Amino acid sequence: MERTGFEPFGEPLVSATDSQPQSRASKLLLRAGTGVFWTLVAGIVLARAAFFEPGVYDSFSHVASLAKNLLF
């Protein structure tokens, strides 16, 4: 009798021999989804770099120091 392995939370472990081979459409969809994800990540990072303004949070520090002076 084969001993079934379990992970720490009680879920049975799936061995490599139990998995079904992936179809061509599944591989294509996985690749397309991964490409879209990383394209969005790169777009967001580039947009933040292009529109970054170092002085945006200066007004917050002025408000914070004013509030500190009023409270203490």
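Everything below is about the structure shown above.
In short, a report on the structure. (Residues numbered from 1 in each chain as written. Predicted model: local features only at pLDDT ≥ 70, side-chain atom pairs only at ≥ 80, totals over all residues. Heavy atoms only, no water.)

Tallying secondary structure elements over the protein chain gives 2 helices and 0 strands in all. In the protein chain, which comprises 72 residues, the proportion classed as buried is 0%. Accessible surface, the protein chain: about 7400 Å² in total, of which carbon and sulfur atoms supply 67%. (Helix = DSSP H or I, 4+ residues; strand = E, 2+ residues; numbered from the N terminus. Buried < 20%, exposed > 50% of the residue type's maximum accessible area, 1.4 Å probe, protein only. Areas by Shrake-Rupley, 256 points an atom, 1.4 Å probe, with all protein chains shown as cover.)

Taken together, the side chains of Leu 66, Leu 70, Leu 71 and Phe 72 define a hydrophobic patch exposed on the protein surface, amounting to about 580 Å² of accessible area. Its location among the elements puts Leu 71 in helix H2 (residues 58–71). The exposure class assigned to Leu 71 is exposed, which follows from its relative accessible area of 68%. (Patch = residues over 30% accessible without salt bridge, like charges linked within 9 Å, V, L, I, M, F, W, Y side chains within 5 Å. Salt bridge = Lys/Arg side-chain N within 4 Å of Asp/Glu carboxyl O.)

With 27 residues, helix H1 (residues 24–50) should reach 39 Å at 1.5 Å per residue; the first-to-last C-alpha distance of 39 Å fits that figure. The element H1 is largely exposed, with a buried count of 0 among its 27 residues. (Expected span 1.5 Å × (residues − 1).)

The subject of this paragraph is the packing of aromatic side chains. Applying the stated rule across the entire model yields 1 aromatic pair. Aromatic pair Phe 37 and Trp 38: ring centres 4.9 Å apart, planes at 75 degrees, arrangement edge-to-face. By relative accessible area, which is 52% here, Trp 38 ends up exposed. (Phe/Tyr/Trp six-rings, centres within 6.5 Å; stacked < 30°, edge-to-face > 60°.)

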